[in-house]
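Take a look at the letters that make up each chain.
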Amino acid sequence: MSLPRARLGVNIDHVATVRNARGGIHPLIGRAAMAAEWGGADGITMHLREDRRHILDPDLLAVREATDLPINLEMAATEEMLDIARHFKPRAACIVPEKREERTTEGGLDAVGAHNQLAPIVAQLRDEKIRVSLFIEPSSEQVKAAQDLGARVVEFHTGRYCDLVAQGEDAEAQVELGRLKAAAVAGTACGLEVHMGHGITFETVGEIAAIPEVRELNIGHFLVGEALFVGLEAAVRRMKELIDAARETPA
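What comes next is a walk through the structure. Quick caveat: nothing in here was measured; it's all calculated off a predicted structure. (Residues numbered from 1 in each chain as written. Predicted model: local features only at pLDDT ≥ 70, side-chain atom pairs only at ≥ 80, totals over all residues. Heavy atoms only, no water.)

1. Observations regarding the packing of helix H7 (residues 159-166) against helix H8 (residues 170-189)
So, point 1. Remark: H7 packs on H8, axes separated minimally by 8 Å, with the N-to-C direction vectors making an angle of 160°. Relative to H8, the element H7 lies roughly antiparallel. Crossing angle aside, the handedness with which H7 passes H8 is left-handed. Along its contact with H7, which presents Arg-160, Tyr-161, Leu-164 and Val-165, the element H8 presents Glu-172, Ala-173, Glu-176, Leu-177 and Leu-180.
So, point 2. Residue classes in the contact of H7 with H8 are distributed as six nonpolar, no polar and three charged. (Axes fitted to C-alpha atoms, helices over the stretch in contact; angles between N-to-C directions. Helix = DSSP H or I, 4+ residues; strand = E, 2+ residues; numbered from the N terminus. Parallel < 35°, antiparallel > 145°, perpendicular 65-115°, else oblique. Left-handed = near helix turned anticlockwise from the far one by under 90°. Contact = heavy atoms within 4.5 Å. Nonpolar A, V, L, I, M, F, W, Y, C, P; charged D, E, K, R; others polar.)

2. Concerning the pattern of salt bridges
So, point 1. Applying the stated criterion across every chain yields a total of 17 salt bridges.
So, point 2. One salt bridge connects Arg-52 with Glu-80, and the closest N-O pair in it is separated by 2.8 Å. Of the two residues, Arg-52 is situated in the loop between strand S2 (43-47) and helix H3 (57-66) and Glu-80 in helix H4 (residues 79-88); the sequence distance between them amounts to 28 residues.
So, point 3. What you see here is one network of salt bridges that share partners, running through Arg-7, Arg-131, Glu-193 and Glu-216. (Salt bridge = Lys/Arg side-chain N within 4 Å of Asp/Glu carboxyl O.)

3. Notes on the packing of aromatic side chains
So, point 1. Taken as a whole, this structure holds one aromatic pair when the rule is applied.
So, point 2. Summarising the aromatic geometry, the rings of Phe-202 and Phe-222 are spaced 4.8 Å apart at their centres and angled 80° between planes, so their arrangement reads as edge-to-face. With Phe-202 in the loop between strand S7 (193-197) and helix H9 (205-209) and Phe-222 in helix H10 (residues 221-230), the pair connects residues that are 20 residues apart, well separated along the chain.
So, point 3. We classify Phe-202 as partly exposed; its relative accessible area is 24%.
So, point 4. In this structure Phe-222 comes out as partly exposed when scored by relative accessible area, which is 23%.
So, point 5. Here the guanidinium or amino end of Arg-64 rests over the ring plane of Phe-88, the centre of that ring lying 3.9 Å away. (Phe/Tyr/Trp six-rings, centres within 6.5 Å; stacked < 30°, edge-to-face > 60°. Buried < 20%, exposed > 50% of the residue type's maximum accessible area, 1.4 Å probe, protein only. Lys NZ or Arg CZ within 6 Å of the ring centre and 35° of its normal.)

If you want it as C-alpha cells, here you go:
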C-alpha cells in the first residue's frame, strides 16, 4: 500500500552563492526557481541569512515574480528577519539556528532552551497567517517544545544521517535513521506536520522519504551541485522520482 505523496521543496540558496562569487546578476535566481518548478518542485525554499552570504533581499521578490510556487523563508529568530517576513508574507517561515562563522546550518534549533526568544517570533508570524516551522534535532524533547511554542511544523535535521551514510558508517547511520523515525512518530502524535531536510542526496533520500509521517523534504545544496552536470530541472525531476518511488514501496 502506497503512502501519501511527499512534497519536495527546492532550496536555491547556492544558485545565489555562485552569482555572488563574481557579482552581477547571473545566474538569475528567478530562472532557478522556474527550472525547479519545471522539474516538479512543490515549493521554493530560501534562507535569507543575516550576513546575506547568498540570498539577497531583492531575490525574494524576484522568485515570487518568477513562479507561483509557495515560498518557504528560512530565517533566524531576530527582529530584522521577523520584520522582513511580516512584510514579504511567505507561505511558510522555517526558523533555523544561525551562526555567522558556520559554512552551513550545523544542527537543529534548541527549541527548549530558546523558548523565551522564540515564543514572540512564532506568535507574530502566526498572526500574519504564515505557517511556522522549527528546524530541530530529532528528539522528543524538541518536538514537545515546538508544540508548546505553537509551531505547526517541525523539520528534522537529517545532516548527521546523510553524513554517516556518505562515510560508510552503516550501523551508526541506521541508529540515526531510527532517531528520525521515532521523532517523526512523536511529531505526528503531537499534531505537527513532519518535514525533513539537510544534506539529502540521491543516495539517502529513499530511506528518509519512506518514513510514513514525512510530508515534505527540503533539499538544496546537492541539487544545485548536480545541476552543474545535468541541469537543475533534470536534477529536481530525478529527486522527485526517487521520493515518489520511496512512497510507493515504503521500508
